[in-house]
Amino acid sequence: MRKKMGDLPPMPPGYNITPGTFQPVVRLSRETGEREMVLMEWGLVPYWSDKHKMVSNCARDDKLRTAGAWIKPFERRRCLIPGEFFYEWEVPTPEDKKHKITKPWAVALKDDRLFSFGGIWDRWKDRATENVLESFAIVTVEPNELLEPFHNRCPLIIEPKDYDRWLDPGHPSRLPVDLVRTYPAEEMKAWRVAPLKDDGPQLLDPLPATALESPQGTLSLF
């Protein structure tokens, strides 16, 4: 079922969004060619899949034009996912694994403005019930100097001036591959937070004495 945002009650803010949930996504309308916001399931289910099974909630930039689940969506079905921050987790040490310790970091833009992840989406139809599911994945790229010390990937962030190019399906020979790039480290901030539990703004509270070292020195977290 297609879920238009205008047909639904307002959504409360989410501070611990997980794959498998429905989230607001911006794309171009098939009918009008204008931008529309709809709800899609986070975790892409390819149109050719035999069952409702997520391939991944993220799509690596180096596989967008080679992996079977990503090729057509990248060519024709790109989207934007609004956000104000995201989390990344440090690679756990053997000791962390032993004690089931997780070390999440919150990441946002320095000016705290709303931004958009670059994503791809697809439409899958259940052959048994005829129900239609629309789902998406966020494109990921190489980390910048801010994220590299604790994670090996970074979500793709699209600048507002590039929204039209990213959303326009255009021709497969003119894909916006130049927009698939790492966001500048100097325009972002990151801080350690407590292991995520439940939901709410308290999840963004920084742990004391957290700082991130980079080749340029200690980066300001706020």
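See the structure printed just above.
Described in the following lines is the structure provided in the data block. (Residues numbered from 1 in each chain as written. Predicted model: local features only at pLDDT ≥ 70, side-chain atom pairs only at ≥ 80, totals over all residues. Heavy atoms only, no water.)

Across the eleven residues of strand β8 (residues 115-125), nine count as buried, placing the element largely inside the fold. Strand direction decides the pairing type here: strand β5 (residues 78-83) and β8, joined by six bridges, are antiparallel. The residue of β8 that forms the bridge with C79 is G119. Pairing of β8 with strand β11 (residues 157-158), which is carried by two bridges, proceeds in the antiparallel orientation. Bridge pairing in β11 places F117 opposite I157. (Buried < 20%, exposed > 50% of the residue type's maximum accessible area, 1.4 Å probe, protein only. Helix = DSSP H or I, 4+ residues; strand = E, 2+ residues; numbered from the N terminus. Pairing = 2+ DSSP bridges.)

Across all of its chains, the model carries eight aromatic pairs by this definition. Consider the rings of Y15 and F85, whose centres lie 6.1 Å apart with planes at 20°: the pair is stacked. Taken as a pair, Y15 in the loop between β1 (3-4) and β2 (22-28) and F85 in the loop between β5 and β6 (86-89) lie far apart in primary sequence, 70 residues in all. The same class applies to Y15 as to F85, namely buried. On the numbers, 5.5 Å between centres and 70° between planes, the contact of F85 with Y87 is edge-to-face. Considered together, F85 and Y87 belong to a single accessibility category, that of buried residues. Ring pairing ties together the aromatic residues Y15, F85, Y87 and W89, which thus form one cluster. Its end group placed over the ring of W121, R27 keeps NZ or CZ at 4.5 Å from the ring centre. (Phe/Tyr/Trp six-rings, centres within 6.5 Å; stacked < 30°, edge-to-face > 60°. Lys NZ or Arg CZ within 6 Å of the ring centre and 35° of its normal.)

Attention shifts here to the nonpolar core. Of all hydrophobic cores here, the largest spans 45 residues; its most connected members are W70, F86, I120, F136 and W166. With five residues, the single largest contributor to this core is strand β9 (residues 132-141). With sequence-adjacent residues up to four places away left out, W70 is seen in contact with L44, V55, S56, C58, A59, R60, K63, L64, I120 and A137. Core analysis: the next-biggest nonpolar cluster, separate from the first, contains eight residues, Y15, Y87, V193 and L203 among them. (Core = buried A, V, L, I, M, F, W, Y, C linked by side-chain atoms within 4.5 Å. Contact = heavy atoms within 4.5 Å.)

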